[in-house]
Amino acid sequence: MKPPVVRTPKINPLIESTLQQIADHWDEQRRIREEMGHSEVECEVIEEALQAARDIPGASREVWDWMSSAIKEVNLSLASMDAPPLRCVPYETFLAFLRAEASAAGIH
């Protein structure tokens, strides 16, 4: 018995071109983020905010608001340079980081 012939599905050339443009755009964004050190900056900002939240118990929302506002300001400058924005964790994620640290501290 002959195995079935597997054919590569045909994609509309316009759709294929659009998908390739999207992939190229994200590759370029990733490259720029790496060159500009975005990941390191994002990590430093979240670490500073977590430390501030540890230093001021009960002020996690205010600390997160400060952090997200600072990131928004930086992103305005980055946008004017046509550079990718910094990422900001959602408040719920910020709280999860704090809870995980508190839980880990309680274990040790």
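Residues numbered from 1 in each chain as written. Predicted model: local features only at pLDDT ≥ 70, side-chain atom pairs only at ≥ 80, totals over all residues. Heavy atoms only, no water.

Peer 1: Just to check I follow, could you spell out the side chain of E42 for this structure?
Peer 2: In this structure, E42 sits in helix α2 (residues 38–55). Take E42: its relative accessible area is 14%, and that puts it in the buried class. With residues up to four places along the chain from it excluded, the contact list for E42 reads R33, P85, L86 and R87. (Helix = DSSP H or I, 4+ residues; strand = E, 2+ residues; numbered from the N terminus. Buried < 20%, exposed > 50% of the residue type's maximum accessible area, 1.4 Å probe, protein only. Contact = heavy atoms within 4.5 Å.)

Peer 1: Help me understand a nonpolar patch on the surface in this model?
Peer 2: Residues I11, I15, L19, I22 and W26 make up a contiguous nonpolar surface patch of about 520 Å² in total accessible area. By relative accessible area, which is 45% here, I11 ends up partly exposed. (Patch = residues over 30% accessible without salt bridge, like charges linked within 9 Å, V, L, I, M, F, W, Y side chains within 5 Å. Areas by Shrake-Rupley, 256 points an atom, 1.4 Å probe, with all protein chains shown as cover. Salt bridge = Lys/Arg side-chain N within 4 Å of Asp/Glu carboxyl O.)

Peer 1: What should I look at first to understand the packing of aromatic side chains in this one?
Peer 2: The description of an aromatic ring pair uses the distance of the two centres, along with the angle that the planes make with each other. With the rule as written, the count across this model stands at one aromatic pair. Ring centres of W64 and Y91 lie 5.8 Å apart, and the angle between their planes is 65°; this geometry places the pair in the edge-to-face category. Residue W64 is found in helix α3 (residues 60–80), and its partner Y91 is found in helix α4 (residues 91–107); the two are separated by 27 residues along the sequence. By relative accessible area, which is 14% here, W64 ends up buried. Its end group placed over the ring of Y91, R61 keeps NZ or CZ at 4.3 Å from the ring centre. (Phe/Tyr/Trp six-rings, centres within 6.5 Å; stacked < 30°, edge-to-face > 60°. Lys NZ or Arg CZ within 6 Å of the ring centre and 35° of its normal.)

Peer 1: Looking at this structure, I do not really get the nonpolar core. What am I missing?
Peer 2: Generally speaking, a soluble globular protein has its nonpolar side chains buried in company with each other. Counting 15 residues, the largest nonpolar core has V63, M67 and F94 as its most contacted members. Of all the secondary-structure elements, those providing two or more residues to this core are α2, α3 and α4. Per element, the largest residue contribution to this core is five residues, and it comes from α3. Discounting chain neighbours no more than four positions away, the residues touching F94 are I46, A49, L50, A53, S60, V63, W64, M67 and V89. (Core = buried A, V, L, I, M, F, W, Y, C linked by side-chain atoms within 4.5 Å.)

Peer 1: Would you take a moment to explain the pattern of salt bridges for this structure?
Peer 2: Should the charged atoms of two oppositely charged side chains come close, the side chains can pair. On inspection of all chains with the given rule, the structure shows six salt bridges. The salt bridge involving R54 is made with E101; its shortest N-O contact spans 2.4 Å. Here R54 is found in helix α2, whereas its partner E101 is found in helix α4, with 47 residues between them in sequence. Judged by its relative accessible area of 37%, R54 falls in the partly exposed class. With relative accessibility at 28%, the residue E101 sits in the partly exposed group. Look at the salt bridges and you will find they share partners, linking E28, R31 and E35 into a network.

Peer 1: Please explain the packing of α2 against α3 as it appears in this structure.
Peer 2: Angle between the axes and distance between the axes are the two parameters that describe a pair of packed helices. Their axes nearest at 9 Å, the elements α2 and α3 cross at an angle of 155°. Classed by the angle they form, the pair α2 and α3 counts as roughly antiparallel. Handedness of the crossing formed by α2 with α3: right-handed. Along its contact with α2, which presents H38, V45, I46, E48, A49, A52 and A53, the element α3 presents S60, V63, W66, M67, I71 and L78. Residue classes in the contact of α2 with α3 are distributed as ten nonpolar, two polar and one charged. (Axes fitted to C-alpha atoms, helices over the stretch in contact; angles between N-to-C directions. Parallel < 35°, antiparallel > 145°, perpendicular 65-115°, else oblique. Left-handed = near helix turned anticlockwise from the far one by under 90°. Nonpolar A, V, L, I, M, F, W, Y, C, P; charged D, E, K, R; others polar.)

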